[in-house]
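# Report on the structure
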Amino acid sequence: MAVSNPASNAIPASPSSTSSPLVMRIIGAVALAHLINDLIQAVLPSIYPMLKENYGLSFTQVGLITLTFQITASLLQPWVGYYTDRHPNPLVLPLGSICTLIGILMLSMVGSFPLILLASALIGIGSSTFHPEASRIARLASGGRFGLAQSTFQVGGNTGSAFGPLLAAAIIIPFGQGHVAWFGLFALFSLGLLYAISRWYRSHLSLFKLKQGQAANHGLSKGRVTMALGILAFLVFSKFFYMSSITSYFTFYLIEKFDLSVAQSQLQLFLFLGAVAAGTFFGGPIGDKIGRKAVIWFSILGAAPFTLALPYADLFWTSVLSVIIGFILASAFSAIVVYAQELVPGNVGMIAGIFFGLMFGFGGIGAALLGYLADSHGILFVYTLCSFLPLLGLLAIFLPRTKKAL
């Protein structure tokens, strides 16, 4: 099958998309809030080796911690998005950050596995309220440059995820679990920032119209839209199952295979997550110019040669390959979210909630399943198996072409 002209695959923006101007200070503020939100989330996997040793946890229990966090985040996000599409409430963001604050403070004090799960769930609830609403505000401030807004928003989260392990290695690993409480300062700052953002959002609610852009102009039938959304969900599955193998178990893999220290392994994880942040930043604006489908195609399938080589590489090439994989894989998500939002106009929050929910849900299921496989077959087996996941990027060939804007 011939690959179509990428430009023809770009879903045209609604004429209403220019109803508000580009407001980079709001997009930047939302991205900063996303940085803090995901930095706090990154504390959890960053201290897995410490929790595993302190409480005698198995890999399966480590996976269950991630599953608890991811499921509370993923199950609530679409419902939050669906509700706020119809009843926008500026207070949702600061209220969600309060859950995150309580969860991170609990994590610094708990002394048992069930309470670790409860703290993880509270952090997940905070995340589930943050992502759909923050994504909507970024889009509202985009002035029609949806890819730019989404990628800027997303790169904030990826940057936070990258710095989380470094700060955990500097603050928590040397001094113990109680020092997790220092991250509560980030949560407090985020609470104030989100309150300020919510005030801007309240003053601009007149620009928010439920039916704005409701009539789709992409020229696709309902069945074709449903098929496209299903393909996008499979692509998110392949991306985040693989990403989960890195974020949850890369440190264990490096420690076992190359005999690195915990701090050295955290540095390697930082390099990967830094590459993820860079890839996210470039993916959205490129999608605005050449089309979402071209970016999605390259990002998922293009990572396959490097993931297939990773299990057989030495330490130097493992570092190089992980950076390449992170950069390429990360460029897809902004394009996937914007592509899906424009397939189903008028449901920005719900679609953002669904795809962020899928991201967390697949990541959580992947963490639990991969933890079980690591216990039963070894951590090296996990990376060999996961190396084939990006081949699912071939499904992008079935994403539909759409009519150009008039």
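Shown above is the structure to which this text applies.
Below is a short write-up of the structure.

About the thresholds
- Residues numbered from 1 in each chain as written.
- Predicted model: local features only at pLDDT ≥ 70, side-chain atom pairs only at ≥ 80, totals over all residues.
- Heavy atoms only, no water.
- Helix = DSSP H or I, 4+ residues; strand = E, 2+ residues; numbered from the N terminus.
- Contact = heavy atoms within 4.5 Å.
- Areas by Shrake-Rupley, 256 points an atom, 1.4 Å probe, with all protein chains shown as cover.
- Patch = residues over 30% accessible without salt bridge, like charges linked within 9 Å, V, L, I, M, F, W, Y side chains within 5 Å.
- Salt bridge = Lys/Arg side-chain N within 4 Å of Asp/Glu carboxyl O.
- Expected span 1.5 Å × (residues − 1).
- Axes fitted to C-alpha atoms, helices over the stretch in contact; angles between N-to-C directions.
- Parallel < 35°, antiparallel > 145°, perpendicular 65-115°, else oblique.
- Left-handed = near helix turned anticlockwise from the far one by under 90°.
- Nonpolar A, V, L, I, M, F, W, Y, C, P; charged D, E, K, R; others polar.
- Phe/Tyr/Trp six-rings, centres within 6.5 Å; stacked < 30°, edge-to-face > 60°.
- Buried < 20%, exposed > 50% of the residue type's maximum accessible area, 1.4 Å probe, protein only.
- Lys NZ or Arg CZ within 6 Å of the ring centre and 35° of its normal.
- Lys, Arg positive; Asp, Glu negative; His and termini not counted.
- Arc of directions from axis to C-beta.
- Core = buried A, V, L, I, M, F, W, Y, C linked by side-chain atoms within 4.5 Å.

Below, the discussion takes up the overall build of the protein. Scanning the protein from terminus to terminus reveals 16 helices and 0 strands. Put simply, of all contacts in the protein between residues at least 6 apart along the chain, 86% involve residues at least 24 apart. For the protein, the exposed surface amounts to about 15500 Å²; the carbon and sulfur share of it is 71%.

The next point concerns a nonpolar patch on the surface. Residues Leu91, Leu95, Ile98, Ile102 and Tyr195 make up a contiguous nonpolar surface patch of roughly 460 Å² in combined accessible area. The element contributing the most residues to the nonpolar patch is helix H5 (residues 92–109), with 3 residues.

To continue, consider helix H10 (residues 262–290). Helix length check: H10, at 29 residues, gives a terminal C-alpha distance of 41 Å against a target of 42 Å (1.5 Å per residue), a fit within 8%. Once H10 ends, the next one or two residues include Gly291, with phi positive near 110 degrees.

So, on to the packing of helix H9 (residues 222–258) against H10. Close contact between H9 and H10 brings their axes to 8 Å; oriented N to C, the two are set at 150 degrees. What the angle tells us is that H9 and H10 run roughly antiparallel. Like other packed secondary-structure pairs, H9 and H10 cross with a definite hand, here right-handed. Where H9 approaches H10, its residues Met243, Ile246, Thr247, Phe250, Thr251, Leu254 and Ile255 are matched on the opposing element by Val262, Ser265, Gln266, Gln268, Leu269, Phe272, Leu273 and Val276. Per-class residue counts for the contact of H9 with H10 are 10 nonpolar, 5 polar and no charged.

The next thing to look at is the packing of aromatic side chains. Any pair of aromatic rings gets described here by the distance separating the centres and the angle formed by the planes. Across all of its chains, the model carries 12 aromatic pairs by this definition. Seen from their ring centres, Phe282 and Phe327 are 6.2 Å apart, and the 50 degrees between their planes marks the pair as tilted. On the criterion of sequence distance, the pair formed by Phe282 in helix H10 and Phe327 in helix H13 (residues 315–330) is long-range, its members being 45 residues apart. In this structure Phe282 comes out as partly exposed when scored by relative accessible area, which is 44%. A residue is classified by how much of its surface remains accessible, and Phe327, at 33% relative accessible area, is partly exposed. The structure contains a cluster of three or more aromatic residues connected by ring pairs, namely Phe59, Tyr249 and Phe252. Between the NZ or CZ atom of Lys52 and the centre of the ring of Phe59, over which it lies, the distance is 4.7 Å.

Turning our eyes to something else, we now look at the side chain of Asp38. Among the structural elements, Asp38 can be located in helix H2 (residues 24–46). One buried charged side chain, Asp38, makes no salt bridge at all; its nearest oppositely charged neighbour is Lys239, positioned 11 Å away. Not counting residues up to four positions away in its chain, the partners in contact with Asp38 are His131, Gly157, Gly160 and Ser161.

As a further point, take the pattern of salt bridges. The final tally for this structure, using the stated rule, is 1 salt bridge. One salt bridge in this structure joins Glu133 and Arg136, with 2.8 Å as the shortest N-O distance. Within this pair, Glu133 and its partner Arg136 are both found in helix H6 (residues 113–140), separated by 3 residues, close to a single helical turn. Each member of the pair, Glu133 as well as Arg136, carries the same accessibility label: buried.

Bringing helix H16 (residues 379–386) into the picture now. Those residues of H16 lying buried are Ile379, Val382, Tyr383 and Cys386. Viewed end-on, H16 has its buried residues packed into an arc of 90 degrees, placing them on one side of the element.

Before going further, it helps to spend a moment on the packing of H9 against H16. The relative placement of two packed helices is expressed as an angle between their axes plus a distance between the axes. The geometry of H9 relative to H16 is characterised by a closest axis approach of 9 Å and an angle of 140 degrees between their N-to-C directions. Relative to H16, the element H9 lies oblique. In this structure, H9 meets H16 at a crossing whose hand is left-handed. Note on element contacts: H16 touches H9 through Ile379, Leu380, Tyr383 and Cys386, opposite Tyr242, Ser245, Ile246, Tyr249, Phe250, Tyr253, Glu256 and Lys257. For the contact of H9 with H16, the residue count by class is 9 nonpolar, 1 polar and 2 charged.

Formed by 110 residues in total, the largest nonpolar core has its most connected members in Ile197, Leu232, Tyr249, Ile296, Phe355, Tyr383 and Leu399. It is H9 that provides the largest number of residues to this core, a total of 16 residues. In this structure Tyr383 touches Ser245, Ile246, Tyr249, Phe250, Tyr253, Leu310 and Pro311, once residues within four positions along its chain are discounted.

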